[in-house]
Amino acid sequence: MKIYEGGRGLGGAQVTVDGAPLDPRFEVKTFSPMGFEWTYEGDGPRQLALALLCDHLGDPARALALTEDFMRRVVAELDNAWLLTSEEIAAALPAGAG
């Protein structure tokens, strides 16, 4: 089980997966060149949703297709500091999506 964690510090928004920086996956799509954000709907949260789903699913095309819904239902609702497990991400996806 992977653990995804986000928080804000002096360097801005930081997100890790199992303690290592989460790849923003700009090569798949750049919603926000400034990187990740959360707690609202917008481009920074879309970038985070895409990165989380790419890492979790291992399928960039499927991740991109699910990004908007995941951003609205999960990422926009995250607290300032948060932790998500791979099990929680799977549970938040439509049935059969991952």
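As the structure is a computational prediction, the values presented were derived from the model and not from experiment. (Residues numbered from 1 in each chain as written. Predicted model: local features only at pLDDT ≥ 70, side-chain atom pairs only at ≥ 80, totals over all residues. Heavy atoms only, no water.)

Chemist: Can you walk me through the sheet that holds strand β3 (residues 20–21) in this structure?
Modeler: Two pairing modes exist for strands in a sheet, parallel and antiparallel, and in both the strands are linked by backbone hydrogen bonds. The four strands lie next to each other as β3-β2-β1-β4, forming an open sheet whose pairing is antiparallel. At either margin of the open sheet sits one strand with a lone partner, and together these are β3 and β4 (82–85). Looking at chain direction, strand β1 (residues 3–9) and β4 are connected through four bridges and run antiparallel. If you follow Y4 over to β4, its bridge partner there is L84. (Pairing = 2+ DSSP bridges. Helix = DSSP H or I, 4+ residues; strand = E, 2+ residues; numbered from the N terminus.)

Chemist: Hey, could you run me through the packing of aromatic side chains in this one?
Modeler: Each aromatic ring pair is characterised by the separation of its centres together with the angle its planes make. By the definition in use, this model includes one aromatic pair. Ring geometry for W38 and W82: centres 5.7 Å apart, planes at 85°, overall edge-to-face. You can see W38 sitting in the loop between β3 and α1 (43–57) and its partner W82 sitting in strand β4, a full 44 residues away along the chain. Judged by its relative accessible area of 0%, W38 falls in the buried class. Taking the relative accessible area as the measure of exposure, W82 reaches 6% and is therefore buried. The aromatic ring of W38 is capped on one face by R8, whose charged end is 4.4 Å from the ring centroid. (Phe/Tyr/Trp six-rings, centres within 6.5 Å; stacked < 30°, edge-to-face > 60°. Buried < 20%, exposed > 50% of the residue type's maximum accessible area, 1.4 Å probe, protein only. Lys NZ or Arg CZ within 6 Å of the ring centre and 35° of its normal.)

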